[in-house]
Amino acid sequence: MVCFYPATHLPQSSEGFYALNNPFQTNGPKWFCEKKWLGIEVPDMYLRLDLPGVGPDPDDVDVSVVDSKRVLIIKALAPCLNINDSSPRSYETYFRLDCHCCEISSVDNPQVTHGVLRLLVSTTPINIGGSPDDDIHSRLLRLDPDDQEPELSGQIVEPHPGLSEGPASAYEYKQLLGDSVYVRLDMPGVSDVDINVDTVNKRVDVVGEAPTVSHDSGGRSYSAVAAHLGLGALITPPRVEHNVENGVVRLFIHPG
């Protein structure tokens, strides 16, 4: 008698998924990263980058500036923290200054918490073809905050652009011995105190909240179906164990 079935994650509405970066996200800023200039007098850039599975160990993250001082390279490793994880994940991505009037002088306080990297990029003005005051950089700093990027919703979830190795899906389901199942859900920014797991309506539901941290433009909400209940689990409610580490929710769902 089958106890559980894997979940099929469909768009939340006819318009598609709320956020193409994660099929479970239901609210908050979209996309895998956020970058913004913090001011005009001190033109520092704040950067948030989702790296689900990456922990706070400094040895797992490398942030470097190339010789041109205009490009920031980020490399990170998300190790397997459970024997049932299909494989570790590696990330490698870069960010480039959009202007030509400054260069990167330092990268300050890079920290990973709950699978999210946050850092400050300090810049120094340089004089190439004119004053920084009338260059494009000044206009970028004064960009109207209501002038948003194109809508990042749609019918197909995008893979993480910085993922260089490992599973691209935010959902992993594995059948175990004794009719138990293992489920992995990516919810970057969520900690073990921000999660709720419940068995309702013939399914195991997981709801998580990622609070606003530092200069984030807002917090994020997630809602996912971890598994559907088969007839065997409907007769006797299942026993669910879960833990949250580095922005990844892992569940063991056992027959009751």
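Coordinates for the structure precede this section.
Now for a look at the structure at hand. A quick note: this is a predicted structure, and the numbers were derived from the prediction, not measured.

**Brief notes about the environment of Ser 106**
Mapped onto the elements, Ser 106 comes out in strand S8 (residues 102-113). Along the backbone, Ser 106 and Asp 44 are 62 residues apart, and their C-alpha atoms lie at a distance of 9.7 Å. With residues up to four places along the chain from it excluded, the contact list for Ser 106 reads Leu 120, Val 121 and Ser 122. In terms of polar contacts, Ser 106 uses its side chain to reach the side chain of Asp 108, at 3.3 Å.

**Some thoughts on the sheet that holds strand S4 (residues 45-50)**
Taking strand neighbours across the sheet as the criterion, the four strands line up as S3-S4-S9-S8 in an open arrangement whose pairing is antiparallel. The open sheet has two edge strands, strand S3 (33-37) and S8, and neither has a second partner. Pairs of neighbouring strands in the sheet enclose a mean axial angle of 15°, with direction left out of account. Pairing analysis gives nine bridges linking S8 to strand S9 (residues 116-125), with the strands arranged antiparallel. Bridging across to S9, Ser 106 finds its partner in Ser 122.

**Considerations on the nonpolar core**
If you look at the biggest cluster of nonpolar residues, it comprises 25 residues, and the most contacted ones within it are Leu 185, Met 187, Leu 251 and Ile 253. Those elements that place two or more of their residues in this core are strand S12 (181-186), strand S14 (203-210), strand S15 (220-229) and strand S17 (248-254). At six residues, S15 tops the list of elements feeding residues into this core. Those residues in contact with Ile 253, other than ones at most four positions away along the chain, are Phe 4, Ser 180, Val 181, Val 183, Val 204, Ala 226, Ala 227, Pro 238, Arg 239 and Val 240. With 23 residues, the next largest nonpolar core counts Trp 37, Leu 49, Val 61 and Cys 102 among its residues.

The rules behind each value
Residues numbered from 1 in each chain as written. Predicted model: local features only at pLDDT ≥ 70, side-chain atom pairs only at ≥ 80, totals over all residues. Heavy atoms only, no water. Helix = DSSP H or I, 4+ residues; strand = E, 2+ residues; numbered from the N terminus. Contact = heavy atoms within 4.5 Å. Polar contact = N/O pair within 3.5 Å; in protein donor to acceptor, adjacent residues only side chain to side chain. Pairing = 2+ DSSP bridges. Axes fitted to C-alpha atoms, helices over the stretch in contact; angles between N-to-C directions. Core = buried A, V, L, I, M, F, W, Y, C linked by side-chain atoms within 4.5 Å. Buried < 20%, exposed > 50% of the residue type's maximum accessible area, 1.4 Å probe, protein only.

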